[in-house]
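Now for the letters of each chain:
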Amino acid sequence: MSSCRITVLGECVADAFAEPASAPNELALRVLPGGGPANTAVALARLGTPARFLARLSEDVFGRLFRAHLEASGVDLSCAVAAGEPSTLAVAELDARGQAAFSFHAQNTADWQWTPAELSGVDLSGTACVHTGSLALVREPGGAVVEEFLAAAAARATISIDPNVRPLLVRPEVYRARLARWCGLADILRLSEDDLEQLLPGTSPERACDTWHAAGARLVVITRGAEGALISLDGERRQVPATATRVVDTVGAGDSFTAGLLHQLGSRGLLGGRLVGLTLDDVAEACRFATRVAGLTCSVAGPNPPWRQQLVSADGR
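All of the points below concern the structure found in this document. This is a predicted model, so every value here is computed, not measured.

**Considering the overall build of the protein chain**
Point 1. Helix and strand counts for the protein chain come out as ten helices and 14 strands.
Point 2. For a compact globule of 317 residues, the expected C-alpha radius of gyration is about 20 Å, and the protein chain comes in at 18 Å, within 12% of that figure.
Point 3. For the protein chain, with 317 residues in total, the buried portion stands at 55%.
Point 4. Across the protein chain, every contact between residues at least 6 apart in sequence was considered, and the portion connecting residues at least 24 apart equals 71%.
Point 5. As displayed, the protein chain has an accessible area near 12,900 Å², and 51% of this comes from carbon and sulfur atoms.

**What about the packing of aromatic side chains?**
Point 1. For the coordinates displayed, the defined rule picks out one aromatic pair.
Point 2. Both rings, one in Tyr175 and one in Trp182, keep their centres 6.3 Å apart while their planes meet at 85°; by these two values the pair is edge-to-face.
Point 3. We classify Trp182 as buried; its relative accessible area is 1%.

**Observations concerning the pattern of salt bridges**
Point 1. Counting across every chain of the model gives 15 salt bridges.
Point 2. One salt bridge in this structure joins Asp210 and Arg237, with 3.0 Å as the shortest N-O distance. One end of the pair, Asp210, is in helix 7 (residues 205-215); the other, Arg237, is in strand 14 (residues 236-240), with 27 residues separating them in the sequence.
Point 3. Between Arg218 and Asp234 there is a salt bridge, with its nearest N and O atoms 2.5 Å apart. Of this pair, Arg218 sits in the loop between helix 7 and strand 12 (219-223) while Asp234 sits in the loop between strand 13 (229-233) and strand 14, placing them 16 residues apart in sequence.
Point 4. For Arg218, a relative accessible area of 22% translates into the label partly exposed.
Point 5. Here Asp234 falls in the partly exposed class, since its relative accessible area comes to 48%.
Point 6. Where salt bridges share partners, they join Arg56, Glu85 and Glu118 into one cluster.

**Points about the sheet that holds strand 10 (residues 158-162)**
Point 1. Here we have eight strands laid out as an open sheet, ordered 4-1-9-10-11-12-13-14, and mixed in their pairing. Whereas interior strands pair on both sides, the edge strands pair on one side only; in this sheet they are strand 4 (51-54) and strand 14. On average, each strand axis in the sheet is tilted by 15° relative to the strand beside it, whichever way the strands run.
Point 2. Here strand 1 (residues 6-9) runs beside strand 4; their pairing, made up of four bridges, is parallel. Paired with Val8 across the strands is Phe53, a residue of strand 4.
Point 3. Here helix 1 (residues 36-47) sits on the sheet in contact with strand 1, strand 4 and strand 9 (129-133), set at roughly 160° to strand 4.

**Some details on the packing of helix 1 against helix 8 (residues 253-267)**
Point 1. One way to put it is that helix 1 packs onto helix 8 with a least axis distance of 8 Å and a crossing angle of 45°. One way to sum up the angle between helix 1 and helix 8 is to call them oblique. As for how helix 1 packs across helix 8, the hand of that crossing is right-handed. Here Gly36, Asn39, Thr40, Ala43, Leu44 and Leu47 of helix 1 come into contact with helix 8, specifically with Asp255, Ser256, Thr258, Ala259, Gly260, Leu262 and His263.
Point 2. Counted by class, the contact of helix 1 with helix 8 contains five nonpolar, seven polar and one charged residues.

**Details of the side chain of Thr88**
Point 1. Here Thr88 shows up in strand 7 (residues 88-94).
Point 2. Given a relative accessible area of 0%, Thr88 falls into the buried group.
Point 3. Polar contacts involving the side chain of Thr88 include one to the side chain of Thr109, which spans 2.8 Å.
Point 4. Among the polar contacts listed, one links the side chain of Thr88 to the side chain of Asp111, at a separation of 2.5 Å.

**Structural notes on the sheet that holds strand 3 (residues 28-34)**
Point 1. Read from one edge of the open sheet, four strands run 3-2-7-8, paired in mixed fashion. The outermost strands of the open sheet, each flanked by one partner alone, are strand 3 and strand 8 (100-105). The sheet shows a mean angle of 30° between the axes of neighbouring strands, taken without regard to direction.
Point 2. Contacts between helix 2 (residues 61-72) and the sheet are confined to strand 2 (13-19), strand 3 and strand 7, with strand 3 contributing the most and set at about 50° to the helix.

So, how was this worked out
Residues numbered from 1 in each chain as written. Predicted model: local features only at pLDDT ≥ 70, side-chain atom pairs only at ≥ 80, totals over all residues. Heavy atoms only, no water. Helix = DSSP H or I, 4+ residues; strand = E, 2+ residues; numbered from the N terminus. Rg over C-alpha atoms; globule rule 2.2 N^0.38 Å. Buried < 20%, exposed > 50% of the residue type's maximum accessible area, 1.4 Å probe, protein only. Contact = heavy atoms within 4.5 Å. Areas by Shrake-Rupley, 256 points an atom, 1.4 Å probe, with all protein chains shown as cover. Phe/Tyr/Trp six-rings, centres within 6.5 Å; stacked < 30°, edge-to-face > 60°. Salt bridge = Lys/Arg side-chain N within 4 Å of Asp/Glu carboxyl O. Pairing = 2+ DSSP bridges. Axes fitted to C-alpha atoms, helices over the stretch in contact; angles between N-to-C directions. Parallel < 35°, antiparallel > 145°, perpendicular 65-115°, else oblique. Left-handed = near helix turned anticlockwise from the far one by under 90°. Nonpolar A, V, L, I, M, F, W, Y, C, P; charged D, E, K, R; others polar. Polar contact = N/O pair within 3.5 Å; in protein donor to acceptor, adjacent residues only side chain to side chain.

The following block contains the structure:
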């Protein structure tokens, strides 16, 4: 268990997966609670880190599903907003490798409607780290409000950002225009190889890390699927191998990796400020743990991160 409290801010999305239907002219959808920030909050709580989720949860059928899922995983929803707008829906198609391509139904949905009043009263006095990213950080009208919240939170907490680029919903150039500002706010930047290609096309991971360090991010972690992760702390770098696993799908794997990274850093007392005293060995150890969490997520269908006991069982202890 970790005594380090982490606050996660962002969206919860209904992930719909096609399944065989009873008639040839029908399509059956299996809906699971998803969304990058929600997945991260769930994974943190299941690992034993006290996790609070700042979300705008619709009161529709999907919103009720989200709330039940988050609460069952131990996520603190005391500051979640009961929203009148509908939930966001993402329909996933999986390729032969289990990689998901999403189509989004997200116009005027609850996740993007943050107002300053909804976040101004949030007490961060017990929070060591604030994690956000994905669509809530870039979709309007709420994106600017989330940025302002991060700027205020940085005075007392470590800031972690996962851009999680979704080009079908937001043009990559919108992310590119804001990324330097996010790096100025963030202590930790975690992103995937796909994100890298969208943000800095044709740029090597090492050169990208240097660019983002120069903009302000001390720790950059680029996850590379089966190739593991590249970690860069103030320009000092190391590769961390992936954990071998039988992949069912990769939905939520990056979010689980982020949760594993933050959980491990927090459990060692390394969160709560500007990462003072953090070493590359600390990061490598945390990322090795994170790859195990991500690997277990890939071994089951949908964004279903493991509980702490499953990690212990997988270790054979």
